[in-house]
Amino acid sequence: MAPTDELVVGQEAFETFYRREFRGVVSLAYALSGSRAGAEDLAQEAFMAAHQRWARISAYDKPAAWVRRVVANMAISAFRRKAAEARALARIAVHRQEALPELEPEDEEFWNLVRGLPAKQSQAIALFYLEDRSVADIAQILECSPATAKVHLFRGRQNLAVKLNLETAR
Amino acid sequence: MSLELDGRARRAAENLKASVEGASLLLAERTSKARPGRRLAAVLRPAWVAAVLILGSAVGFALVVEPTTVEPTSSPATTVPLPTTSMTTSTATTAAAPVPTTTVTASSPAVDLSPPFLSITSPEDGATLEEKTVEFVGVTEPGATVNAGPYRAQVDEKGNWRIKLVLTPGGNQARFVAHDAAGNETAVVVTVFYEPPVTTTMPATTTTTQTELGEFDANATYGSCTEDPPFDVYYGVGEPGSTIYVVSPYGSGTTTVNGEGHFEIQVFVPEAPPEEGFLVKVKDQYGRQESFEFVFLPGI
């Protein structure tokens, strides 16, 4: 059966959305999971979920926030991270597709420290530095109030500064 | 904040983003030759199959794998786990396009690891209500149950649920929990404020009407507190003699506007959770109100 005009419009909108947001979501997944192999799968899983609910999600003010919330939650879930890694490794074995390139040791250390923070702090830090998100955006993605997001960000930066032996954040 | 930290973080962020550029393109390009739904299914399908294999062996599934090519009309359904978030539901993915793949037959039923979807459509989080009894309405996964504490909501075959709860004056936090048949659970919390209609005892000049009311203005002094128990001081101007209500989920108070039209009240919120902001409403007896965010920051 031929798709209706409405479906075509929806699908095209999803494709635009997917192409625009995919790399940003992979970056977030990589930063928060630390998995070179699994980051793309985590992102795909989040987009898959968005695609299945596209009629509803596309009506949101910021569908991108929804996908980032999903991937941020998945990336810090050990089960999801390992599952995505397992899938990616299996795919790499079959298709010889390479995982994301390795980061420089200094950057790897930085993101390891970010991942060592409490979950909400690490999510806030990743969104702030990776995507230049405002406190209001971070709050929307993390489903909390701006004041709470500000606290996560503040605490996260403070903890990071201590771990990096930098001047303590004020 | 430390400029050194910002510099280091920005460098790490830029380098990470650069590392993602090339690799993600490959995956995006692989999805560009079919309709979006089919593209994603086509890209994901081999990965899901592998995942079912690997995860299945990890949790003790017995799987039989027979390499073959699947025809468009005979693609078997593959039940897959989806993201664990409060906004996702369990689902089944079926490849709709011809895709060289592997047929997987599980000798034991697939395990549903996805929590049920649960949303509240009414009332809105943070709503102020004047009715003592309120009906909460929402949607969940068909077949799931929804409970609020010991009370069970009515859920129809489409997953629409409703339940009436009795509120107490002030902030009311209702926690709804959905369970699906596989035992997965999703919880959603909503806070509503019940403010009984005020029996207006008009100030001495009982001939005062709404248009003659004096100015109402409220302010929060701090917005946050590091002391325990936490508190804030609210002040402002209002109709002399009128009552001012300060309402929050964790503490409330009332005061009276003095003869000069000023009020000030210190409100403790001893049960406020650390580092979680919430709204405090300052309202006069005529229904005029201002909202302020407050956050308890112990030890900062």
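Since we're looking at a predicted model, the values are computed, not measured.

> Go over the overall build of chain B with me, naming the residues and quoting the values.
Secondary structure assignment for chain B yields 2 helices and 21 strands. In chain B, which comprises 300 residues, the share counted as buried stands at 45%. Long-range contacts, defined here as pairs at least 24 residues apart, represent 59% of the contacts in chain B between residues at least 6 apart. With an accessible surface of roughly 14,800 Å², chain B has 53% of that area assigned to carbon and sulfur atoms.

> Run through the overall build of chain A, naming residues and quoting values.
Scanning chain A from terminus to terminus reveals 9 helices and 0 strands. Taking all 170 residues of chain A together, the buried fraction comes to 56%. Looking at chain A as shown, the accessible area adds up to about 7,200 Å², and 53% of this sits on carbon and sulfur atoms.

> Describe the packing of aromatic side chains, naming the residues involved and giving the relevant values.
All names here are of chain A. As enumerated under the stated definition, the model contains 17 aromatic pairs over all chains in all. Ring centres of F14 and F17 lie 6.2 Å apart, and the angle between their planes is 50°; this geometry places the pair in the tilted category. You can see F14 and its partner F17 sitting in helix α1 (residues 5-33), 3 residues apart, about one turn around the helix. Here F128 and Y129 contribute two aromatic rings whose centre-to-centre distance is 5.0 Å and whose plane-to-plane angle is 80°, an arrangement assigned as edge-to-face.

> I'd like to hear about the nonpolar core, residue by residue, with values.
Judged by nonpolar contacts, the single largest core of 59 residues is most densely connected at A:F110 and A:W111. The dominant element in this core, judged by the number of residues it contributes, is α1(A), at 11 residues. For this core, the domains that each give at least three residues are domain 1 (1-101) and domain 2 (103-170) of chain A. Excluding residues within four positions of it along the chain, A:F110 makes contact with A:L160, A:L164, B:L5, B:R8, B:A9 and B:A12. B:F216, B:I244, B:I265 and B:F278 belong to the second largest nonpolar core, which has 20 residues in total.

> Tell me about the layout of surface pockets, and name the residues and values.
Computed from the structure, the largest pocket encloses a volume of approximately 1,800 Å³. Looking at the largest pocket, it is lined by 48 residues, and the ones nearest its centre are A:E143, A:C144, B:D125, B:V188 and B:V189. Contributing elements (two or more residues each) for the lining of the largest pocket: α4 (63-75), α7 (119-131), α8 (135-142) and α9 (146-163) of chain A together with β5 (118-122), β13 (185-194) and β20 (278-284) of chain B. Top contributing element to the lining of the largest pocket by residue count: β13(B), with 6 residues. Residues belonging to the lining of the largest pocket are distributed by class as follows: 23 nonpolar, 15 polar and 10 charged.

> Tell me about unusual backbone geometry, and please be specific about residues and values.
In this structure, B:P123 follows B:S122 across a cis peptide bond, with omega equal to -5°. Tracing the backbone through its elements, the reader meets B:P123 in the loop between β5 and β6 (128-129). A positive phi is found at A:E143, a non-glycine position, where the angle reads about 55°. Looking at the secondary structure, you find A:E143 in the loop between α8 and α9. Unusually for a residue other than glycine, B:E275 sits at a positive phi of about 65°.

> Can you break down the confidence of the model for chain B residue by residue, with the values?
Residues and elements named next belong to chain B. Put simply, chain B has an average pLDDT of 68, and 64% of its residues get 70 or more. Strand β1 (residues 63-70) is the least confidently modelled element of chain B, averaging 27 in pLDDT, while strand β17 (residues 243-247) averages 90, the highest of any element. Note on residues 24-109: pLDDT is under 50 here. Beyond four places in sequence and across chains, it has 169 contacts.

> Let's hear about the environment of A:S77: which residues, and what values?
With respect to the element layout, A:S77 can be found in the loop between α4 and α5 (78-95). For the pair A:S77 and A:A119, spaced 42 residues apart in sequence, the C-alpha separation works out to 9.5 Å.

> How would you summarise the packing of α7(A) against α9(A) if you had to cite specific residues and measurements?
All names here are of chain A. Following both chains from N to C, one finds α7 and α9 inclined at 90°, their axes separated by 8 Å at the closest point. Here α7 is positioned roughly perpendicular relative to α9, judged by the angle of their axes. Residues K120, Q121, A124, I125, F128 and Y129 of α7 pack against H152, L153, R155, G156, R157, N159 and L160 of α9.

> An account of the side chain of B:T191 is needed here, citing residue identities and associated values.
Its location among the elements puts B:T191 in strand β13. When residues no more than four places from it in sequence are discounted, the contact partners of B:T191 are B:E124, B:D125, B:G126, B:A127, B:N172, B:Q173 and B:P249.

> Now, about the confidence of the model for chain A: what can you tell me, with residues and values included?
Residue and element names in this part refer to chain A. Residues of chain A with pLDDT of at least 70 account for 78%, and the chain-wide mean is 79. Per-element confidence in chain A ranges from a low mean pLDDT of 62 for α5 to a high of 91 for α7. Segment residues 1-11: pLDDT under 50, and 5 contacts once partners within four positions in sequence are set aside and those in other chains are kept.

> Run through helix α6 (residues 105-115) of chain A, naming residues and quoting values.
Buried residues of α6(A): A:D107, A:F110, A:W111, A:L113 and A:V114, and no others. The arc that holds the buried residues of α6(A), viewed along the axis, is 155°, so those residues lie on one side.

> I'd like a rundown of the sheet that holds strand β10 (residues 154-155) of chain B, residues and numbers included.
All names here are of chain B. Spatially, β5-β7-β11-β10 is the arrangement adopted by the 4 strands of the open sheet, whose pairing is antiparallel. At either margin of the open sheet sits one strand with a lone partner, and together these are β5 and β10. Bridge analysis of strand β7 (residues 133-140) against strand β11 (residues 160-166) gives 7 bridges, and the strand direction is antiparallel. If you follow E135 over to β11, its bridge partner there is K164.

Criteria and thresholds
Residues numbered from 1 in each chain as written. Chains lettered and ligands numbered in written order. Predicted model: local features only at pLDDT ≥ 70, side-chain atom pairs only at ≥ 80, totals over all residues. Heavy atoms only, no water. Helix = DSSP H or I, 4+ residues; strand = E, 2+ residues; numbered from the N terminus. Buried < 20%, exposed > 50% of the residue type's maximum accessible area, 1.4 Å probe, protein only. Contact = heavy atoms within 4.5 Å. Areas by Shrake-Rupley, 256 points an atom, 1.4 Å probe, with all protein chains shown as cover. Phe/Tyr/Trp six-rings, centres within 6.5 Å; stacked < 30°, edge-to-face > 60°. Core = buried A, V, L, I, M, F, W, Y, C linked by side-chain atoms within 4.5 Å. Domains from an automatic or database assignment. 1 Å grid on protein atoms, 1.4 Å probe; cavity = no way out; pocket = protein on both sides within 12 Å on 5 of 7 lines; lining within 4 Å. Points joined across faces, edges and corners; volume = space filled by probe spheres on them. Nonpolar A, V, L, I, M, F, W, Y, C, P; charged D, E, K, R; others polar. pLDDT = per-residue confidence, 0-100. Axes fitted to C-alpha atoms, helices over the stretch in contact; angles between N-to-C directions. Parallel < 35°, antiparallel > 145°, perpendicular 65-115°, else oblique. Arc of directions from axis to C-beta. Pairing = 2+ DSSP bridges.

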